[in-house]
Amino acid sequence: MDLTLTEIRAAIRAIPDYPKPGIMFRDITTLLGNARVFRGAIDLLVQPWLDGRIERVAGIEARGFILGGAVAHQLSAGFVPIRKKGKLPHATVSVAYSLEYGIDEMEMHRDAVLPGERILLVDDLIATGGTASAAARLLRSQGAEVVAACFIVDLPDLGGSGRLKEQGVPVRRLVSFEGD
Ligand code: AMP
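What comes next concerns the included structure.

About the criteria used
Residues numbered from 1 in each chain as written. Predicted model: local features only at pLDDT ≥ 70, side-chain atom pairs only at ≥ 80, totals over all residues. Heavy atoms only, no water. Helix = DSSP H or I, 4+ residues; strand = E, 2+ residues; numbered from the N terminus. Rg over C-alpha atoms; globule rule 2.2 N^0.38 Å. Buried < 20%, exposed > 50% of the residue type's maximum accessible area, 1.4 Å probe, protein only. Contact = heavy atoms within 4.5 Å. Areas by Shrake-Rupley, 256 points an atom, 1.4 Å probe, with all protein chains shown as cover. Lys, Arg positive; Asp, Glu negative; His and termini not counted. Charge placed at Lys NZ, Arg CZ, Asp CG, Glu CD. Expected span 1.5 Å × (residues − 1). Pairing = 2+ DSSP bridges. Axes fitted to C-alpha atoms, helices over the stretch in contact; angles between N-to-C directions. Phe/Tyr/Trp six-rings, centres within 6.5 Å; stacked < 30°, edge-to-face > 60°. Polar contact = N/O pair within 3.5 Å; in protein donor to acceptor, adjacent residues only side chain to side chain. Near = heavy atom within 4 Å. Nonpolar A, V, L, I, M, F, W, Y, C, P; charged D, E, K, R; others polar.

The subject of this paragraph is the overall build of the chain. Each helix and strand in the chain was counted, giving six helices and nine strands. The C-alpha atoms of the chain give 16 Å as radius of gyration, which agrees with the globular expectation for 180 residues (16 Å, within 12%). Relative to its 180 residues, the chain shows a buried fraction of 46%. Contacts spanning at least 24 positions in sequence make up 59% of the contacts within the chain whose residues lie at least 6 apart. Taken as a whole, the chain presents about 8,900 Å² of accessible surface, with 52% of it coming from carbon and sulfur. A distance of 2 Å separates the average location of the 21 positive side-chain charges in the chain from that of its 22 negative side-chain charges.

Listed below in C-alpha cells is the structure:
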C-alpha cells in the first residue's frame, strides 16, 4: 500500500515547549524510526528529480544529513555536508545568518561544489527559512545552481518557504503544520 501524507504527518511527534516555552518542536526521530514511513517519505520527496539531473545533494547539519544521505543515494547523486562553523577539516567557504539572538555561520568545503552544478538542498523542516536561505546563498556563492530545496515539514506561518521562493529557490515539502 502506498504511504499517505496523513501517515507521514502522524509519524512526526510534537513536543510542546521544546527547546523553550512557546515552541512546538516537530520531532522527526519517530518518522526515521519507522522503516515503512522513512522509506516512503524519501521516495515521495525525490519524485520530481527522478530524471537523474541532480548532481549533488546538500544536507544541512544535522537532521539534513540523515535525510540528505538517503535522498542522494536514491538519486545516485553526490552528498555535500553544510556544517556549523569549525567542523570541516579542509578549506571552507562560509555564510553568516541571523538567529533569534545574534548571528551564526555555516560552512562547506570550498571544493564541495563546482560552478554550474545542479544541487538539491535538503533539511528536515523549514520554519523562518533563515537556515535554508543562508545555505542557498552559500551554494550560489560557489556558482552552483540550487535547483530546489526540500523538506519533510513546513511551518507556513513562519514564512520560510515564501522567503526561499522569493530568492528563486522552488520549495518542496511533504506536510505542513499551520499555527506553529
Ligand atoms: P529556520 O531557519 O527558522 O527555517 O529553522 C529551520 C531549522 O531549525 C531546521 O534545521 C530545523 O531542524 C530547526 N527547527 C526550527 N523550528 C523547529 C521546530 N518547530 N521543530 C523542529 N525543528 C525546528
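That was the structure; now back to the text.
Turning to helix α3 (residues 35-46), a few remarks are in order. Taking 1.5 Å as the rise per residue, α3 with 12 residues should run 16 Å; its terminal C-alpha atoms sit 17 Å apart, in good agreement. Buried within α3 are the following residues: Val37, Gly40, Ala41, Ile42, Leu44, Leu45 and Val46. Where α3 is buried, its residues contact α1 (5-10), α2 (29-32), α4 (63-75), β8 (145-154) and β9 (171-176).

We now examine the sheet that holds β8. Overall, mixed pairing links the seven strands, which are arranged β5-β6-β4-β3-β7-β8-β9 in an open sheet. Unpaired on one side and paired on the other, β5 (92-98) and β9 mark the two borders of the sheet. Neighbour to neighbour, the strand axes of the sheet diverge by 20° on average, direction disregarded. Sheet topology note: the strand β4 (residues 78-84)/strand β6 (residues 103-109) ladder contains two bridges and is antiparallel. The partner of lysine 84 across the bridge, within β6, is methionine 106. Contacts between α3 and the sheet are confined to β8 and β9, with β9 contributing the most and set at about 145° to the helix. Set on the sheet, α4 makes contact with β3 (56-60), β4, β7 (118-126) and β8; between it and β7 the angle comes to about 140°.

What follows covers the packing of aromatic side chains. This structure, assessed with the given rule, holds two aromatic pairs. Judged by centre distance (5.2 Å) and plane angle (85°), the rings of tyrosine 18 and phenylalanine 25 are edge-to-face. On the accessibility criterion, tyrosine 18 (44% relative accessible area) is partly exposed. Both rings, one in phenylalanine 65 and one in phenylalanine 79, keep their centres 6.0 Å apart while their planes meet at 90°; by these two values the pair is edge-to-face. Pair noted here: phenylalanine 65 is in helix α4 and phenylalanine 79 is in strand β4, with a separation of 14 residues, a long-range link.

Turning to the environment of glutamate 7, a few remarks are in order. The residue glutamate 7 is located in helix α1 in this model. Assessed through its relative accessible area of 24%, glutamate 7 is described here as partly exposed. C-alpha of glutamate 7 to C-alpha of alanine 41: the two residues are 34 residues apart in sequence and 9.7 Å apart in space. At a separation of 2.7 Å, a polar atom in the side chain of glutamate 7 contacts the side chain of arginine 36.

Time to look at the site of the ligand. Surveying the vicinity of the ligand reveals 14 residues, the closest of which are Arg63, Asp124, Thr128, Gly129 and Thr131. In this structure, an oxygen atom belonging to the ligand sits 2.8 Å away from a side-chain N or O atom of aspartate 123. Within the side chain of threonine 128, a nitrogen or oxygen atom sits 2.5 Å from an oxygen atom of the ligand. Considered on its own, the ligand offers 480 Å² of accessible surface; in the complex 80% of this is hidden by protein. Every element with two or more residues in the shell around the ligand is listed here: β2 (24-27), β7 and α5 (130-141). Here the shell around the ligand takes four residues from β7, the largest share from any one element. Residue composition of the shell around the ligand, by class: six nonpolar, four polar and four charged.

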